[in-house]
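Next come the chains, spelled out residue by residue.
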Amino acid sequence: MHINIDHIRIVNIDNIIEETPSIRTLIFRDKLSSNAHPGQFLMVWIPRVEELPLSVMISDKKMHAAITIRKGGFGSTALFNKKVGEIIGIRGPYGNHFTIIKNMKKALLIGGGTGLVPLMRLATKMNEFGINSTFVMGARSKTEVFFEKQANRFLKNTKHKVIVTTDDGSYGFKGSATDTLATIIKEEKFDRVYTCGPELMMKKVFALASEYSVSVEASLERYMKCGIGICGSCCVGEQLVCKEGTVFNEKDLRLMTEFGRIYRDKTGRKSHIVDYN
Ligand SMILES: Cc1cc2nc3c(=O)[nH]c(=O)nc-3n(C[C@H](O)[C@H](O)[C@H](O)COP(=O)(O)OP(=O)(O)OC[C@H]3O[C@@H](n4cnc5c(N)ncnc54)[C@H](O)[C@@H]3O)c2cc1C
Ligand code: FES
């Protein structure tokens, strides 16, 4: 049976994993999402609340997929508070995806916060293709570290390293994920760096990778309403993140004057991306 991905599919939440006190993974059965490419996202409808774009997370269960939500404002908190057996609506998966270079030997994955979600799906691909990977995961502190065990498990058939960094040094290496990148990119040769997370982090990743002439793919987040290239709310300059992205390569990023600088709110008003650290 052909399913139109633009029609909302109602799914039951089958299981919930508590990743940290403010982050949960919700698992549901959906064949289309279970086959999503790394970097693709779903538009998730929280009944009577709102619709949010969320990356597709992997589930161990066949024909199942997941979303990982950080409790924040109105919509994300309503989703975070959902219970097993309750329903949500999904459209998608949408957007392009991370790509693997032919004969690729070594990859570096670097992310922070819920930006780790699309990188987890990518990690399973690295495992499938036997590509050795270093996965750098940034968090503010020990209580905000998640996915470390899963990343080691997803990469188990390859030579891999999972490096956790915390800003306050309460777990793993003290410092930011990009501090670690600055050290390892000097010592090891990677075919490509993949990144998703806070945009200022990705901007630093892009700058470091460019300095060492390593190719980059970054998955960007923007305010999204339609998710399918109609409303224009997700634009970064001329590019629509929901349709032409969310993944952009170094050539795209170089031309994007708003990358790491400008964000549009739900009214379309531009504001500067601020570094709170
Ligand atoms: C492609 C993509 C993938 C994402 N993947 C994840 C994920 O895996 N896990 C996760 O926790 N979050 C993810 N997000 C962020 C998520 O969509 C929400 O922005 C976030 O959960 C905040 O929602 P809120 O209800 O708390 O927002 P509010 O508290 O109402 O607003 C807080 C911030 O969220 C932003 N926001 C609110 N609604 C949207 C929207 N429709 N589109 C984009 N930004 C919005 C606002 O601009 C604001 O900066 C993703 C965003 C995008 C664009
Ligand atoms: S969210 Fe509407 S065009 Fe991208």
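Worth saying up front: this structure is predicted, and the values here are computed from it rather than measured.

(A) Looking closely at the pairing of strand 10 (residues 160-166). Most of strand 10 sits inside the fold, with five of its seven residues counted as buried. Sheet topology note: the strand 10/strand 11 (residues 173-174) ladder contains two bridges and is parallel. Within strand 11, the residue paired with Thr165 across the bridge is Phe173.

(B) Quick look at the site of ligand 1. Inspection of the region around ligand 1 gives 21 residues, with Gly72, Gly73, Gly75, Ser76 and Thr114 positioned closest. Every element with two or more residues in the shell around ligand 1 is listed here: strand 4 (50-55), strand 6 (64-70) and helix 2 (74-80). Tallying contributions element by element places strand 4 first for the shell around ligand 1, with four residues. Tallied by class, residues from the shell around ligand 1 come to nine nonpolar, eight polar and four charged. In this structure, the shell around ligand 1 is formed jointly by two domains, domain 1 (9-94) and domain 2 (106-272), each of which donates at least three residues.

(C) Local environment of the sheet that holds strand 9 (residues 132-139). Taken together, seven strands build an open sheet; the order of strands is 11-10-9-8-12-13-16 and the sheet is mixed. At either margin of the open sheet sits one strand with a lone partner, and together these are strand 11 and strand 16 (247-249). The pairing of strand 8 (residues 106-112) with strand 12 (residues 192-196) spans five bridges and is classified as parallel. From the neighbouring strand, Ile110 faces strand 12, where its bridge partner is Thr195. Lying on the sheet, helix 5 (residues 177-187) is in contact with strand 8, strand 9, strand 10 and strand 11; it crosses strand 9 at an angle near 150°. Taken strand by strand, helix 6 (residues 199-211) contacts strand 8, strand 9, strand 12 and strand 13 (215-219), and its axis lies near 170° from that of strand 13.

(D) Fine view of the nonpolar core. Core analysis: the largest hydrophobic core is formed by 74 residues, its most contacted members being Val44, Leu109, Met120, Ala123, Met137, Ala151 and Val205. Examining the composition of this core, we find that seven residues originate from one element, helix 3 (residues 116-128), more than from any other. Shared between two domains, this core takes at least three residues from each, and those domains are domain 1 (9-94) and domain 2 (106-272). In contact with Val44, not counting residues within four places along its chain, are Glu51, Leu52, Leu54, Ile67, Leu79, Ile88 and Ile90.

(E) Quick look at the environment of Val247. Note on placement: Val247 falls in strand 16. Separated by 30 residues in sequence, Val247 and Glu217 place their C-alpha atoms 6.3 Å apart.

(F) Here's a closer look at the domain arrangement of the protein. The assigned domain composition of the protein is domain 1 (9-94) and domain 2 (106-272). Computed from C-alpha atoms alone, the centre-to-centre distance between domain 1 and domain 2 is 20 Å. Opposite the 18 residues of domain 1 that make contact, domain 2 presents 19 residues. Secondary-structure elements contributing two or more residues to the side of domain 1 that touches domain 2 are strand 1 (9-20), strand 3 (41-46), strand 4, strand 5 (57-58), strand 6 and strand 7 (87-94). The element best represented in the side of domain 1 that touches domain 2 is strand 7, accounting for three residues.

Rules used throughout
- Residues numbered from 1 in each chain as written.
- Chains lettered and ligands numbered in written order.
- Predicted model: local features only at pLDDT ≥ 70, side-chain atom pairs only at ≥ 80, totals over all residues.
- Buried ≥ 20, exposed ≤ 12 C-beta atoms within 10 Å, placed from the backbone.
- Helix = DSSP H or I, 4+ residues; strand = E, 2+ residues; numbered from the N terminus.
- Pairing = 2+ DSSP bridges.
- Near = placed C-beta within 6 Å.
- Nonpolar A, V, L, I, M, F, W, Y, C, P; charged D, E, K, R; others polar.
- Domains from an automatic or database assignment.
- Contact = placed C-beta atoms within 7 Å.
- Axes fitted to C-alpha atoms, helices over the stretch in contact; angles between N-to-C directions.
- Core = buried A, V, L, I, M, F, W, Y, C linked by C-beta atoms within 7 Å.

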